[in-house]
Amino acid sequence: LIQGNEIAWKKWFDENEPESCPVPDYEERLAMERTLGPFLRLCIVRFMREDRTSIACNQFIEAQLDSRFTAPVTDTIADIYDESSPRKPILYLLTAGSDPTFSIDELAKKKKKYPTDKVSMGEGQEKVAREKNNLAFISGGWVILQNSHLGIGYMCELEDVLLKTPEIDDDFRLWITCEITPRFPIGLLQIAIKVTLEPPAGLKAGIFRTYSTMVSQELLDKIDHEKWRTLVYVQAFLHSIVQERRKFGPIGWCVPYEYNNSDLDACLQFLEKHVSVTVMVGQPVSWVTVQYMVAEAQYGGRITDDLDRELFITYTAKWFCDDIFKTTFTFNNYQADYSYKIPEGLEIQQYRDGIETIPPVDSPLIFGLHPNADLTYRLKEAAEMIATIIETQPKDTGGSGGKSVDDIVKEQCLDLLSKMPEDFVEEIFRAQIQKLKGPPNTPDKGFSAPLNIFLFQELQRLQNIIKIVRTNLKSISMAIDGTVVMTTDLLADLGSIFDARVPIRWTNDASGAEISWLMPNLGGWFTGLTDRHQMLNNWLENSRSVMKSYWLTGFTNAQGFLTGMRQEVTRQHKKDQWALDDVISHTEVLPHDEVKIRDVPEEGQNIHGLFIEGGRWDRQLNRLEESEPKKLYVAMPAIYVTATTARDLKAMGINHGPHGPYNSAVYKYPKRNDRYLIFRLLLKTELHPFHWKLRGVCLVAQTE
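As a starting point, this report considers the structure included with it. (Residues numbered from 1 in each chain as written. Predicted model: local features only at pLDDT ≥ 70, side-chain atom pairs only at ≥ 80, totals over all residues. Heavy atoms only, no water.)

## Regarding the environment of Phe679
Tracing the chain through its elements places Phe679 in strand β15 (residues 677–683). Separated by 59 residues in sequence, Phe679 and Gln620 place their C-alpha atoms 25 Å apart. Sequence-distant contacts of Phe679, defined by excluding residues within four places in its chain, comprise Leu552, Leu562, Thr587, Ile607, Ser664, Ala665 and Val666. (Helix = DSSP H or I, 4+ residues; strand = E, 2+ residues; numbered from the N terminus. Contact = heavy atoms within 4.5 Å.)

Put into structure tokens, the structure is as follows:
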């Protein structure tokens, strides 16, 4: 259908707001269908432009119900207080950067209930909280239980205490702050007034908040020098940038750190002392010191991921340098309608006026990210919303004559069982591996060759997964038939299959450790199972002579494959006296895909199946380039991986561009952390590596 009117559909797909544009071929029918039309339009947007799902949902709700259902709730704390009662506590669900304590204290002063009794929950604090509440029941005081997710034990008894205590003063109020946790008692949750506090979003709101709370006229007057005021603004701008970058997910930060005002305050104190002993005595600012203290000591104290540390160092290298004192300096190094300049002046109001001119909606470019990062953010938001809807759906199918949940799941189980790959019998594949040859120019054979050992281990792991899946599918079918007991675990697996999600026991063992690959849907995971079986079986049956390239994603232990490859190359250079401790990985991005590879390399191996995020690989120019619009992941060509020594690598004289190579991380999944890091490779670039570091460029073995 789309092929019949491809130009019109392409134009609709490329629109910035497709949900507000006429749908090609269907607009008249959608307009005529008053009942289902708006919902079908929503389905088309969800299917074609998933990133616009949340916005299309808002439009649908406004059209079908009312705009008040999508408008942000702006109840003041006084309104919330009026709705509460002595036996109806107020529960604040905490989000990053939000703390209602100040607002509660301000209200307490107006109601003449200040000071309030505050208990920060944690080990041993249940007794203190119990005493404070018992006293307040009589006196009519206010109690604030902070971080109650650390005192779930007391939360469980609190419902009974509030409902069964015979006499509680009418003025008593209980305020609870808690992070979202599944362990919170459902009874207390039901009787409480639930409130969420979202901190002001956006760069403008963040900087304005800093110049309203942390930065005062007194602070600006501490050192009477323009460089001091400039440094304060740069620090405030950096603080907001690193906080707001979290919303972009893994391409923003590998780990979403809770940077807060204490980090900013520590940096401002350091900058004040540093300017006092340098600029004020005629010495230049020691940028190396400033960069280290901000990126490594103050904020760096929170950072646990090496890639995130490199990213923070890049920000400080760009913005803590002599350039910030030039009148032409702007934080944005790209052409735009608005230039992010540093305001000038002696009065704090001049800075606030400058902050007011900042656009309310931030472009990803100001964070150093590609405009596609906004697409990543919206996709993440849509995926979380849909996952929440699925989880809250009832599992009973309505209507007479329709299939029940049990019928649907049993049918699915039988279908999957019919498609299950054959078992690998360890005695058989052990004997087959003993006959396999090792790498060229070595006497290694069978289990003497590292990659043959790796193949044996991969077969063992895959067989374990096949056994678990086959047994689980049979158990669910039998439990539905009533021939075995339907345990809580089997019931959970049944629910997962009904929702087209992967049962947890297929991916994790009893301890929670991952035993297979992670996928958001059952179909993709099962396809991965058959593809992995096919690759390993091909290697086992036909030896490495047919393995012109290896699908890196298909290995449960990809790092083990690369280690085995390095060991084999080291043995091939036995006459050169190479030592395993001295060799390093060396990669070359080939100009074509794996299907065009003609021969198996003498040394090293070819790998494929990787995707690049945050940029794209130009196959003609053989270098990193900017992403194309709306293309979040681009397939990489095949990559040749081998091992060499640092001296031999230097002798090759490889040209990685005028500023040197970009050292890219390769991850197993888009969720970036040390556990999923496979290895790192050098990519050629004409731009400075800092550019790609801020872009969040990396390679991933899976896009989901």
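Further notes follow.
## Digging into the sheet that holds strand β3 (residues 142–146)
Strands in a sheet are paired, the pairing made by backbone hydrogen bonds, and the direction either parallel or antiparallel. Strands sit in the order β2-β3-β4-β1-β5 across an open sheet of 5 strands; the sheet is parallel. Single-partner strands in this sheet number two, and they are β2 (117–120) and β5 (193–196). In this sheet, neighbouring strand axes are inclined to one another by 20° on average, regardless of whether the strands run parallel or antiparallel. Across 4 bridges, strand β1 (residues 90–94) lies against β5 in parallel orientation. Looking across to β5, one finds that Tyr92 is bridged to Val195. (Pairing = 2+ DSSP bridges. Axes fitted to C-alpha atoms, helices over the stretch in contact; angles between N-to-C directions.)

## Some remarks on helix α15 (residues 306–319)
Spanning 14 residues, α15 covers 20 Å between terminal C-alpha atoms, matching the ideal 20 Å at 1.5 Å per step. Along α15, the residues classified as buried are Leu307, Asp308, Leu311, Phe312, Thr314, Tyr315, Thr316 and Trp319. Summarising the contacts, the buried residues of α15 are in contact with α12 (226–244), α14 (287–298), β14 (662–667), β15 and α26 (689–695). (Expected span 1.5 Å × (residues − 1). Buried < 20%, exposed > 50% of the residue type's maximum accessible area, 1.4 Å probe, protein only.)

## A look at the packing of aromatic side chains
Tallied over the entire structure, the rule returns 42 aromatic pairs. A ring pair is formed by Phe454 and Trp539, whose centres lie 6.3 Å apart and whose planes are at 40°; its orientation type is tilted. Here Phe454, found in helix α20 (residues 450–481), pairs with Trp539, found in helix α23 (residues 522–542); they are 85 residues apart in sequence, far enough to count as distant. A relative accessible area of 0% places Trp539 in the buried class. Relative to Trp525, the ring of Trp517 has its centre 4.8 Å away and its plane inclined at 20°; by these criteria the two rings are stacked. Aromatic ring contacts, followed pair by pair, group Tyr211, Tyr233, Phe237, Tyr315, Trp319, Phe329, Phe331, Tyr338, Tyr340 and Tyr351 into a single cluster. (Phe/Tyr/Trp six-rings, centres within 6.5 Å; stacked < 30°, edge-to-face > 60°.)

## As for the packing of helix α7 (residues 126–139) against helix α8 (residues 152–164)
Two quantities define a packed helix pair, namely the angle between the axes and the distance from one axis to the other. The contact between α7 and α8 brings their axes to 11 Å, and the two run at 20°. Here α7 is positioned roughly parallel relative to α8, judged by the angle of their axes. Our pair here, α7 against α8, has a crossing hand that is right-handed. Across the interface between the two elements, Glu126, Ala129, Arg130, Asn133 and Phe137 of α7 pack against Tyr154, Glu157, Leu158, Val161 and Leu162 of α8. Tallied by class, the residues present in the contact of α7 with α8 amount to 6 nonpolar, 1 polar and 3 charged. (Parallel < 35°, antiparallel > 145°, perpendicular 65-115°, else oblique. Left-handed = near helix turned anticlockwise from the far one by under 90°. Nonpolar A, V, L, I, M, F, W, Y, C, P; charged D, E, K, R; others polar.)

## Observations concerning the sheet that holds strand β13 (residues 639–645)
The 4 strands lie next to each other as β6-β8-β13-β7, forming an open sheet whose pairing is mixed. In the strand order of this sheet, the two ends are held by β6 (550–551) and β7 (583–589), each with one partner. In terms of strand pairing, β7 meets β13 through 7 bridges, oriented antiparallel. The residue bridging Glu588 from the neighbouring strand is Tyr640, located in β13. Of the strands in this sheet, β6, β7, β8 (605–608) and β13 touch helix α24 (residues 558–572), which is tilted by about 50° from β13.

## Section: the side chain of His274
If you trace the backbone, His274 turns up in helix α13 (residues 261–277). With near-sequence residues (within four places) excluded, His274 lies in contact with Val285, Ser286, Thr289 and Val290.

## A look at the packing of helix α1 (residues 6–14) against helix α3 (residues 37–48)
It is at 11 Å that the axes of α1 and α3 come closest, and there the two elements cross at 85°. In terms of orientation, α1 lies roughly perpendicular with respect to α3. For the pair α1 and α3, contact is made by Trp9, Trp12 and Phe13 and by Ile44, Val45 and Met48, respectively. The class makeup of the residues in the contact of α1 with α3 is 6 nonpolar, no polar and no charged.

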